[in-house]
Amino acid sequence: MSALAPRTRSRRGPVLGLAAWLAGVVFFLPIAWMALTSFHSETDAAANPPSFAAALTLDGYREFFGSGGGASPWPALVNSTVASVVSTGCVLLLALPAAYALSIRPVRKWTDVLFFFLSTKMMPAVAGLLPIYLFARNAGMLDNVWLLVVLHTAMNLPIAVWMMQSFLAEVPVAVIEAARVDGARLPTVLARVVAPIALPGIAATALICFIFSWNELLFARVLTGVVAETAPVFLTGFITSQGLFLAKVCAASLVISLPVLAAGFAAQDKLVQGLSLGAVK
């Protein structure tokens, strides 16, 4: 039995590796197809069957950036950046002490508190759309990017607390107690002891919150107009009564996806460490 186990593992290794590569290729193909289509003309992009040897052009990107007389995407990209970055920073500032209280210095019935945080995500977002719209209208905050910052912070905070609680639970309590013996107060403990140790988990949480905020469409579509329009809302404007411009939409989708892809690539090592933190005891 002991001799058969290594043989079984050695046979499963290449099979699992091949399956992982095939799954990666399947998930990558739509992105590759979108990127290739964005470099085609509208005629070639709409051809059926598609032409792989069609001439490449940058017309889709020129039209997206407004060279053909259309609206410029830069205000929408700036709004999405402000809403995503500021809301992610606010989420981290609020989630770190909350997760600290629920893991390292646990409060009474902390499991009930975590369940409450998770239960706030069970209600469909559209159910709260009308009350939030009425509040924003009466407060004069419609078409305001700071309203999106508040909403994105509120929407991402439960997930951030839930994730960071499991990450901070892996921080050695002895290190924190040593810092407190040396006279460090709670802000110092959080900033100089807990945060560096849990940095992979914090980075993973920040990246997920950034992605959720960047991709949010429902509230941005209803609560913004021209001034605070975000990139996903700007992208939906390409679908008009005249039809769907496939090459330009692919170019716009690729450009709008680049910040998320760049953030994921830059933080990939921290993301892997954070998501696997606590998985192996």
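Residues numbered from 1 in each chain as written. Predicted model: local features only at pLDDT ≥ 70, side-chain atom pairs only at ≥ 80, totals over all residues. Heavy atoms only, no water.

**A look at the overall build of the protein chain**
Defined as follows: Helix and strand labels come from DSSP, where a helix needs a run of H or I of at least four residues and a strand needs a run of E of at least two; each type is numbered from the N terminus. We call two residues in contact whenever any of their non-hydrogen atoms come within 4.5 Å of each other.
Check the secondary structure of the protein chain and you find 14 helices and two strands. A sequence separation of at least 24 residues applies to 76% of the contacts in the protein chain between residues at least 6 apart.

**A look at the packing of helix α8 (residues 173–181) against helix α9 (residues 186–197)**
Definition in use: Only the stretch in contact is used when fitting a helix axis, every axis being a line fitted to C-alpha atoms; angles between N-to-C directions are given from 0 to 180 degrees. Convention used here: angles under 35 degrees read as roughly parallel, angles over 145 as roughly antiparallel, angles from 65 to 115 as roughly perpendicular, and any remaining angle as oblique. Crossings are classed by handedness, with left-handed meaning an anticlockwise turn of the near helix from the far one by less than a right angle and right-handed meaning a clockwise turn. Polarity classes work like this: nonpolar for Ala, Val, Leu, Ile, Met, Phe, Trp, Tyr, Cys and Pro, charged for Asp, Glu, Lys and Arg, and polar for all others, with Gly in that last group.
Running from amino to carboxyl end, α8 crosses α9 at an angle of 160°, the nearest separation of the two axes being 11 Å. By the angle between their axes, α8 is roughly antiparallel relative to α9. Considering how the two elements wind past one another, α8 and α9 form a crossing that is right-handed. Of the residues in α9, those touching α8 at Val175, Ile176, Ala179 and Arg180 are Val189, Val193, Val194 and Ile197. Here the residues of the contact of α8 with α9 sort into seven nonpolar, no polar and one charged.

**Thoughts on the layout of surface pockets**
To keep it simple, the criterion reads: Only protein atoms enter the calculation, which uses a 1 Å grid: trapped sets of points that fit a 1.4 Å probe without letting it out are cavities, open sets showing protein on both sides within 12 Å along at least five of seven lines are pockets, and any residue with an atom within 4 Å of a point is a lining residue. Grid points are joined across faces, edges and corners, and a volume is the space filled by probe spheres set on the points.
Here the largest pocket defines a volume of roughly 290 Å³. As for the largest pocket, its lining consists of Thr120, Lys121, Met123, Pro124, Ala125, Gly128, Ile132, Leu151, Ala154, Met155, Pro158 and Phe219.

**Observations concerning empty space enclosed by the protein**
Space left empty within the atom packing is revealed by a probe, the size of a water molecule, rolled over the atoms. Evaluated as defined, the whole model comprises one cavity of 30 Å³ or more. Counted as a void, the largest cavity has a volume near 40 Å³. Every residue along the wall of the largest cavity is listed here: Trp33, Thr37, His40, Asp44, Ala45, Pro50 and Ser51. Among the elements of the structure, α1 (4–38) and α2 (42–45) are those that each provide at least two residues to the lining of the largest cavity. Residues belonging to the lining of the largest cavity are distributed by class as follows: three nonpolar, three polar and one charged.

**Overview of unusual backbone geometry**
Positive phi, close to 60°, is recorded for aspartate 143, a residue that is not glycine. Tracing the backbone through its elements, the reader meets aspartate 143 in the loop between α6 (129–138) and α7 (145–168).

**Some points on the packing of aromatic side chains**
Stated precisely, the cut-off is as follows: Working definition: rings of Phe, Tyr and Trp (its six-membered ring) pair if their centres are within 6.5 Å, and the pair is stacked with planes under 30 degrees apart, edge-to-face with planes over 60 apart, and tilted otherwise.
For the structure on display, the rule yields five aromatic pairs. Summarising the aromatic geometry, the rings of phenylalanine 64 and phenylalanine 65 are spaced 4.9 Å apart at their centres and angled 70° between planes, so their arrangement reads as edge-to-face. Chaining the aromatic ring pairs together yields one cluster made of Phe64, Phe65, Trp74 and Phe234.

**Overview of the side chain of threonine 88**
Quick note on the threshold: Think of it in three bands: with a 1.4 Å probe and only protein chains considered, a residue is buried below 20% of the maximum accessible area for its type, exposed above 50%, and partly exposed in between.
Position of threonine 88 among the secondary structure elements: in helix α4 (residues 74–103). Taking relative accessible area as the criterion, threonine 88 reaches 8% and is therefore assigned buried. In contact with threonine 88, other than residues within four places in its own chain, are Ala206, Cys209 and Phe210.

**Considering the nonpolar core**
Put simply, the test is: Among the buried residues, those of types Ala, Val, Leu, Ile, Met, Phe, Trp, Tyr and Cys that are joined through side-chain atoms within 4.5 Å form a nonpolar core.
Ranked by size, the top nonpolar core spans 29 residues in total, and within it Tyr100, Met164, Leu168, Ile176, Val189 and Val194 carry the most contacts. Breaking this core down by element, the ones donating at least two residues are α4, α5 (110–119), α7, α8, α9 and α10 (199–215). By residue number, the principal contributor to this core is α7, which donates seven residues. Trp214, Ala231, Phe238 and Ile256 belong to the second-largest nonpolar core, a separate cluster that totals 18 residues.

**Side note on the packing of α4 against α10**
Closest axis-to-axis distance for the α4/α10 pair is 9 Å, and the angle between their directions is 140°. With respect to each other, α4 and α10 are oriented oblique. Between α4 and α10 lies a crossing of right-handed hand. Contacts from Leu77, Ser80, Thr81, Ala83, Ser84, Val85, Ser87, Thr88, Val91, Leu92 and Leu96 of α4 reach α10 at Ile202, Thr205, Ala206, Cys209, Phe210, Ser213 and Trp214. Split into classes, the residues belonging to the contact of α4 with α10 amount to 11 nonpolar, seven polar and no charged.

**Let's talk about the pattern of salt bridges**
Let me state the cut-off plainly: For this analysis, a salt bridge means a side-chain nitrogen from Lys or Arg found within 4 Å of a carboxyl oxygen belonging to Asp or Glu.
Applying the stated criterion across every chain, the model contains one salt bridge. The closest approach of N and O atoms between aspartate 59 and arginine 62, which form a salt bridge, is 2.9 Å. Placement of both aspartate 59 and arginine 62 in helix α3 (residues 59–64) is noted, with a separation of three residues, approximately one turn of the helix.

**Details of the environment of alanine 54**
Inspection of the secondary structure assignment puts alanine 54 in the loop between α2 and α3. On the basis of relative accessibility, which here comes to 11%, the residue alanine 54 falls in the buried class. For alanine 54 and threonine 43, which are 11 residues apart along the polypeptide, the C-alpha to C-alpha distance reads 9.8 Å. Setting aside its immediate chain neighbours within four residues, alanine 54 contacts His40 and Asp44.

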